[in-house]
Amino acid sequence: AFQFKEAMIKEVVDHTKRGHWEIIEKTSVPEGETLLPAVWAMKRKRRIATREIYKWKARLNLGGHKMIYSKHYTETYSPVVSWLAVRLFLSLVIYFGWKSRQIDFVLAFPQ
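Conventions adopted
- Residues numbered from 1 in each chain as written.
- Predicted model: local features only at pLDDT ≥ 70, side-chain atom pairs only at ≥ 80, totals over all residues.
- Heavy atoms only, no water.
- Helix = DSSP H or I, 4+ residues; strand = E, 2+ residues; numbered from the N terminus.
- Buried < 20%, exposed > 50% of the residue type's maximum accessible area, 1.4 Å probe, protein only.
- Phe/Tyr/Trp six-rings, centres within 6.5 Å; stacked < 30°, edge-to-face > 60°.
- Expected span 1.5 Å × (residues − 1).
- Contact = heavy atoms within 4.5 Å.
- pLDDT = per-residue confidence, 0-100.
- Polar contact = N/O pair within 3.5 Å; in protein donor to acceptor, adjacent residues only side chain to side chain.
- Patch = residues over 30% accessible without salt bridge, like charges linked within 9 Å, V, L, I, M, F, W, Y side chains within 5 Å.
- Areas by Shrake-Rupley, 256 points an atom, 1.4 Å probe, with all protein chains shown as cover.
- Salt bridge = Lys/Arg side-chain N within 4 Å of Asp/Glu carboxyl O.

Our next topic: the overall build of the protein chain. For the protein chain, the helix and strand inventory stands at two helices and two strands. Overall, the protein chain shows an N-to-C arrangement of helices and strands of α-β-β-α. For the protein chain, the proportion of its 111 residues judged to be buried stands at 10%.

Counting across every chain of the model gives three aromatic pairs. Consider the rings of Phe4 and Trp56, whose centres lie 4.8 Å apart with planes at 80°: the pair is edge-to-face. Taken together, the residues Phe4 in helix 1 (residues 2–17) and Trp56 in strand 2 (residues 53–62) connect sequence positions 52 residues apart. For Phe4, a relative accessible area of 14% translates into the label buried. Measuring from centroid to centroid gives 5.0 Å for Phe96 and Trp98, while their planes differ by 15°, and the two rings are stacked. One aromatic cluster is present, built from ring pairs that chain together Tyr95, Phe96 and Trp98.

On to the environment of Phe89. Structurally, Phe89 can be placed in helix 2 (residues 83–96). Looking at Phe89, the relative accessible area reads 46%, which means it is partly exposed. Distance in space between the C-alpha atoms of Phe89 and Ser100 is 9.7 Å, their sequence separation being eleven residues.

So, on to unusual backbone geometry. At Arg51, a residue that is not glycine, the phi angle is positive and equals roughly 65°. Looking at the element boundaries, Arg51 is found in the loop between strand 1 (38–46) and strand 2.

In this section: helix 2. Residues lying three or four places apart along an α-helix face the same way, a consequence of the helix completing one turn every 3.6 residues. Look at helix 2: 20 Å from first C-alpha to last across 14 residues, which is about the 20 Å you get at 1.5 Å a residue. One or two positions beyond helix 2, positive phi appears at Gly97, with a value near 70°.

Our focus in this paragraph is helix 1. The end-to-end C-alpha distance of helix 1, which contains 16 residues, comes to 22 Å, matching closely the 22 Å that a straight helix rising 1.5 Å per residue would cover. Where helix 1 is buried, its residues contact strand 1 and strand 2. Looking at the residues trailing helix 1, positive phi occurs at Gly19, about 80°.

Our next topic: the confidence of the model for the protein chain. Across the protein chain, the average pLDDT comes to 85, with 89% of residues at 70 or higher. For the protein chain, the element scoring lowest by mean pLDDT is strand 2, at 90; helix 2 scores highest, at 94.

What follows is about the side chain of His15. By the secondary structure assignment, His15 is in helix 1. A distance of 2.6 Å separates polar atoms of two side chains, one belonging to His15 and the other to His20.

Take a nonpolar patch on the surface next. A contiguous nonpolar patch, built from Leu88, Phe89, Leu90, Leu92, Tyr95, Phe96 and Trp98 and spanning about 780 Å² of accessible area, is present on the exposed surface. Locating Leu90 in the fold gives a position in helix 2.

Shown next as structure tokens:
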């Protein structure tokens, strides 16, 4: 579907704008360097009641099984919070009468 193609283009453009990677020609890769494999994960989001598709998502995932520490990366980061921390935070919100809201971060965590 063309919607997936548009989602793929958006994913590449967003990551390129943020400086996460630089697109280069395959022929310009230095001799002896490893090209890391990648695969697209695509998903259609639907409204619960009507089952209508309202969003087409595409995420590019690298094959981490081919990565070598200190050559392809030096640190790892996973933006995941524990349920204990979520419950504690929500308890504090209720106790102190604070206002809270949910925020969806684009490109925060591939699904």
